[in-house]
Protein chains: 2
Amino acid sequence: MSDVETAPSQITISVDGMGGDYAPGEVVQGVLDALKTFDLHVLLVGQPEVLKAELTRRDVAWQQRQLTIVPAQNVIDMGESPLTAIRKKKDASIVVVADMVGQKKAQAMVAAGSTGAAMASALFRIGRLPGVDRPAIGVALCTPQRPTLLLDAGANADCTPDMLHQFAQMGSVFMQALYPPENHQKPRIALLNIGEEPGKGNVLANEAFDRLRQDSSLNFIGNGEGRDLFSGKADVLVCDGFSGNIALKAAEGLGKVLGHFIKEELSSTLQGKIGGLLAKSALTRAKNRFDPEEFGGALLLGIDGICVISHGSSHARGIFNAIRVAKEAVEGQVIARMTKALVQDEASGDA
Amino acid sequence: MSDVETAPSQITISVDGMGGDYAPGEVVQGVLDALKTFDLHVLLVGQPEVLKAELTRRDVAWQQRQLTIVPAQNVIDMGESPLTAIRKKKDASIVVVADMVGQKKAQAMVAAGSTGAAMASALFRIGRLPGVDRPAIGVALCTPQRPTLLLDAGANADCTPDMLHQFAQMGSVFMQALYPPENHQKPRIALLNIGEEPGKGNVLANEAFDRLRQDSSLNFIGNGEGRDLFSGKADVLVCDGFSGNIALKAAEGLGKVLGHFIKEELSSTLQGKIGGLLAKSALTRAKNRFDPEEFGGALLLGIDGICVISHGSSHARGIFNAIRVAKEAVEGQVIARMTKALVQDEASGDA
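Every value quoted in this text rests on a predicted model; they were computed, and no experiment measured them. (Residues numbered from 1 in each chain as written. Chains lettered and ligands numbered in written order. Predicted model: local features only at pLDDT ≥ 70, side-chain atom pairs only at ≥ 80, totals over all residues. Heavy atoms only, no water.)

A. Fine view of the pattern of salt bridges. This model, assessed by the stated rule, comprises 42 salt bridges over all chains. Of the charged contacts in the structure, one is a salt bridge between R188 of chain B and D235 of chain B, with a shortest N-O distance of 3.0 Å. In this pair, R188 of chain B is assigned in strand 7 (residues 188–192) and D235 of chain B in the loop between strand 8 (219–224) and strand 9 (236–238), connecting sequence segments 47 residues apart. Residue classification places D235 of chain B among the buried positions, given a relative accessible area of 2%. Look at the salt bridges and you will find they share partners, linking E225 and R227 of chain A together with K249 and E252 of chain B into a network. (Salt bridge = Lys/Arg side-chain N within 4 Å of Asp/Glu carboxyl O. Helix = DSSP H or I, 4+ residues; strand = E, 2+ residues; numbered from the N terminus. Buried < 20%, exposed > 50% of the residue type's maximum accessible area, 1.4 Å probe, protein only.)

Below, the structure written as structure tokens:
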């Protein structure tokens, strides 16, 4: 695997210094934390005077060797239409962040804030991997065992069996690189469906099932169900972006209302109040195991570069973890391996 | 409502005495509890000697006036293919339960156990409402406010905009009867989608959105998202059975793993252990607010009779609540009102 075009020893990651609810402060802090921990070069994109002020308030010495500020005067707001905004504001930080990868000045990009703007920038300024119809959003979910990657989590509302097959290929490569299974097997791929038996589900799921089953390069373990988002049954759970997004948000909704009910019930009796006080830190730890900042963000797979899109509400820890995931994906040569998997499949499909 | 062949003043409900993991004991107990609470007649279907033995162990006096045992020698097991089983075993309890409604001897059926067998029996022995393409499964979800009815929760993996429109009509009538909104408005209908703005979602959702918006007989409030399964934003959340089932099970999966994490974290420190002991009953109460036995079961809407399908693991309380829901639906004249809504719509569609 020496066919990857990067600086031999150092990984460069471009980071949107202006994106997200807590930019630039928390982003800068996350970047500095990452630079203290990993051997990296960061291209920090945004308004230079603003970013410099944030750096000056913190640890300036680190900038010199590992951090370069790349100027971008504009910012795309959460409310703007992503497509219109990236066309109009070519000097927006998120566009320049993607440009760094598109121009091979960085191997990965990290951005918090508007998922739509990050996706559009990546798509138009970096481009897709050869043979990829539509990039997908991958989200890592917490299970009692290893994380499960759900994709597509919402980029493509309507999918074809071919797209689901590509999602499986990309997810397999990604999870192999970031969470290599201990038994030296390939990541377990399951199809998100409404029953475990073959033949279950809608037309799309049935056709995708056959496609996945026929691909011997995948470790396809059959159908998974909604509950397998969190069961650890599969390493990759493949679905169309409509079902995937609804499933994710339904789980989010349950978590929210359950938290609400727990608070209500604890405060309804004196014993509950005391128990709740003593149990508070344990309950918070349980909740935090689902914290999206732990994984750093959603992945945009199918782009010719690593793209990690952090939640708009990310703090320094979220940015730090997004950079960590980006770095591990670059080290794992995810892009070269995905390209190879997709090209090989296309070749065998033509044969 | 005088076209039903029963005692004019009394509601008759046929109940599968043999269905579910805890039949016949818990079913018989649930029936007796319901008969003590409501003015009902129950046709208890199953093996007479087995059911009589269960009744004899309990309160026999009640049988005389309000309970009739209807013999059915066979039982369909959870593992059997529903379609094959109901064809082969015409004397299976679930088939006879549906027959009672089909023959107008009861206005509602209640069965625990195989959803597939109950659906198939209802479909073939009772039949559909005029104009209904495909019956849907409705599941009532717990929110901080009134319950939300999700449908379709899994009966139809592939749906058309017409089907989603019918689900909305049926759900509206049902929730109007069981949970009439306090402000005298009609139940709020939302379309389950991946964004709130019009124009979001897949082709099906977009077409269904237009259809729902155009129907002035519905109180359509626009798109809902996955989190709205539990937010209380809508009274009825309409979706295809594929997304609906996945959303439900994803939430179930999150609940399970969160419970697991809470236990782990509580037991990891002494303070957590003590807090957990004191908080235990409050945590259990919070969990129980999602208990499916509270609502009694899933509803099969689109059948020419009330069908409540309880979870296979239902205890007496689940059966009691299923009978309560069935009774309220009969009292609310749900079937006559649904028929009217569907026929009116068909007439206006033809015009």
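Continuing now.
B. Region of the structure containing the relation of the copies chain B and chain A. Screw-axis analysis of chain B against chain A gives a translation of 0.0 Å along the axis, an RMSD of 0.0 Å, and a rotation angle of 180°. The relationship between the two copies is best expressed as a two-fold rotation axis. Of all interface residues in chain B, 100% are interface residues in chain A too; the two copies therefore contact each other through one and the same surface. (Least-squares fit on C-alpha atoms with pLDDT ≥ 70 in both. Contact = heavy atoms within 4.5 Å.)

C. Up close: unusual backbone geometry. The linkage connecting L151 of chain A with the following residue, D152 of chain A, adopts the cis geometry, with an omega of 10°. Along the chain, the position of D152 of chain A falls in the loop between strand 6 (148–151) and helix 7 (161–178). A positive phi angle, near 60°, is found at K104 of chain B, a position not held by glycine. Position of K104 of chain B relative to the elements: it lies in the loop between helix 5 (93–102) and strand 4 (108–112). Located in the positive-phi region is Q333 of chain B, a residue other than glycine, with phi close to 55°. Inspection of the secondary structure puts Q333 of chain B in the loop between helix 12 (316–331) and helix 13 (334–350).

D. Quick look at the packing of helix 1 (residues 25–37) of chain A against helix 2 (residues 48–57) of chain A. Residues and elements named next belong to chain A. It is the contact of helix 1 with helix 2, at a shortest axis distance of 10 Å, that shows an interaxial angle of 60°. Considered as vectors, helix 1 and helix 2 are oriented oblique to each other. Like other packed secondary-structure pairs, helix 1 and helix 2 cross with a definite hand, here right-handed. Between helix 1, through G25, V28 and L32, and helix 2, the contact on the second element is made entirely by L51, E54 and L55. Of the residues belonging to the contact of helix 1 with helix 2, the class tally is four nonpolar, one polar and one charged. (Axes fitted to C-alpha atoms, helices over the stretch in contact; angles between N-to-C directions. Parallel < 35°, antiparallel > 145°, perpendicular 65-115°, else oblique. Left-handed = near helix turned anticlockwise from the far one by under 90°. Nonpolar A, V, L, I, M, F, W, Y, C, P; charged D, E, K, R; others polar.)

E. Structural context of the pairing of strand 4 (residues 108–112) of chain A. Residues and elements named next belong to chain A. For strand 4, the tally of buried residues reaches five of five residues, placing the bulk of the element in the interior. The alternating pattern of strand 4 places A108, V110 and A112 on one face and M109 and A111 on the opposite face, and all of these are buried. Inspection of the sheet shows strand 1 (residues 11–16) paired to strand 4 by three bridges, in the parallel sense. The residue of strand 4 that forms the bridge with S14 is M109. Sheet topology places strand 4 next to strand 11 (residues 306–310); five bridges connect them, and they run parallel. Paired with A112 across the two strands is S310, which belongs to strand 11. (Pairing = 2+ DSSP bridges.)

F. Region of the structure containing the sheet that holds strand 9 (residues 236–238) of chain A. Residue and element names in this part refer to chain A. Overall, mixed pairing links the 11 strands, which are arranged 3-2-1-4-11-10-5-6-9-7-8 in an open sheet. Every interior strand has two partners, whereas the edge strands, strand 3 (67–71) and strand 8 (219–224), have only one. Averaged over neighbouring strand pairs, the angle between their axes works out to 25° when direction is ignored. Sheet topology note: the strand 10 (residues 298–301)/strand 11 ladder contains two bridges and is antiparallel. By the bridge assignment, L299 is partnered in strand 11 with V308. Against the sheet, helix 1 makes contact with strand 1, strand 2 (40–46) and strand 3, and its axis sits at roughly 170° relative to strand 2, the strand it touches most.

G. Local environment of helix 10 (residues 270–288) of chain B. Over its 19 residues, helix 10 of chain B runs 26 Å from end to end, which matches the ideal 27 Å to within 8%, given 1.5 Å per residue. The largest bend in helix 10 of chain B is about 55°, located at A279 of chain B. Those residues of helix 10 of chain B that fall on the buried side of the exposure criterion are G272, G275, G276, A279, A282, L283 and A286 of chain B. Looking at the buried side of helix 10 of chain B, the elements it contacts are helix 9 (241–266) and helix 10 (270–288) of chain A together with helix 9 (241–266) of chain B. (Expected span 1.5 Å × (residues − 1). Bend = angle between axes of the 7 residues up to and from the residue.)

H. Expanded view of the interface of chain B and chain A. Taken together, the contacts link 56 residues of chain B with 56 residues of chain A. Taken over both partners, the interface formed by chain B and chain A buries close to 4800 Å², and the fraction arising from carbon and sulfur atoms is 70%. The largest contributions to the chain B side of the interface with chain A come from I194, F242 and F261 of chain B, which together make up 14% of the buried area. The interface formed by chain B and chain A includes 10 salt bridges. Among the secondary structure elements, those contributing two or more residues to the side of chain B that touches chain A are helix 8 (203–214), helix 9 and helix 10 of chain B. Top element by residues in the side of chain B that touches chain A is helix 9 of chain B. It accounts for 21 residues. In terms of residue class, the side of chain B that touches chain A is made up of 28 nonpolar, 18 polar and 10 charged. (Buried area = accessible area lost by both parts, 1.4 Å probe.)

I. Looking closely at the packing of helix 7 of chain A against helix 8 (residues 203–214) of chain A. Residues and elements named next belong to chain A. Where helix 7 meets helix 8, the closest approach of the two axes is 8 Å, and the angle between their N-to-C directions is 50°. The angle between the axes of helix 7 and helix 8 places the two elements in the oblique class. Handedness of the helix 7/helix 8 crossing: right-handed. Here P161, D162, L164, H165 and A168 of helix 7 come into contact with helix 8, specifically with L204, E207, A208, R211 and L212. For the contact of helix 7 with helix 8, the per-class residue count stands at six nonpolar, one polar and three charged.

J. Inspection of the sheet that holds strand 10 (residues 298–301) of chain B at higher detail. Residue and element names in this part refer to chain B. Sheet architecture is open: 11 strands sit in the order 3-2-1-4-11-10-5-6-9-7-8, paired in mixed fashion. Each edge of the sheet is formed by a strand with only one pairing partner; in this case those strands are strand 3 (67–71) and strand 8. Recorded for the sheet is a direction-independent mean angle of 25° between the axes of neighbouring strands. In terms of strand pairing, strand 6 (residues 148–151) meets strand 9 through three bridges, oriented parallel. Directly across from L151, in strand 9, lies its bridge partner V238. Across the sheet, helix 7 (residues 161–178) lies against strand 5 (136–141), strand 6, strand 7, strand 9 and strand 10, angled at about 165° from strand 9, the strand it touches most. The sheet strands contacting helix 12 are strand 1 (11–16), strand 2 (40–46), strand 4, strand 10 and strand 11 (306–310), and the helix crosses strand 11 at an angle near 165°.

K. Geometry of the packing of aromatic side chains. Residue and element names in this part refer to chain B. If you walk through the whole model with that rule in mind, you get 10 aromatic pairs over all chains. Look at F230 and F290: their rings are 6.2 Å apart centre to centre, the planes differ by 75°, and that puts the pair in the edge-to-face class. With F230 in the loop between strand 8 and strand 9 and F290 in the loop between helix 10 and helix 11 (292–295), this residue pair connects regions lying 60 residues apart in the sequence. Here F230 falls in the buried class, since its relative accessible area comes to 6%. The class for F290 is partly exposed, based on a relative accessible area of 23%. (Phe/Tyr/Trp six-rings, centres within 6.5 Å; stacked < 30°, edge-to-face > 60°.)

Note that all results are geometric; they support no functional claim without further evidence.
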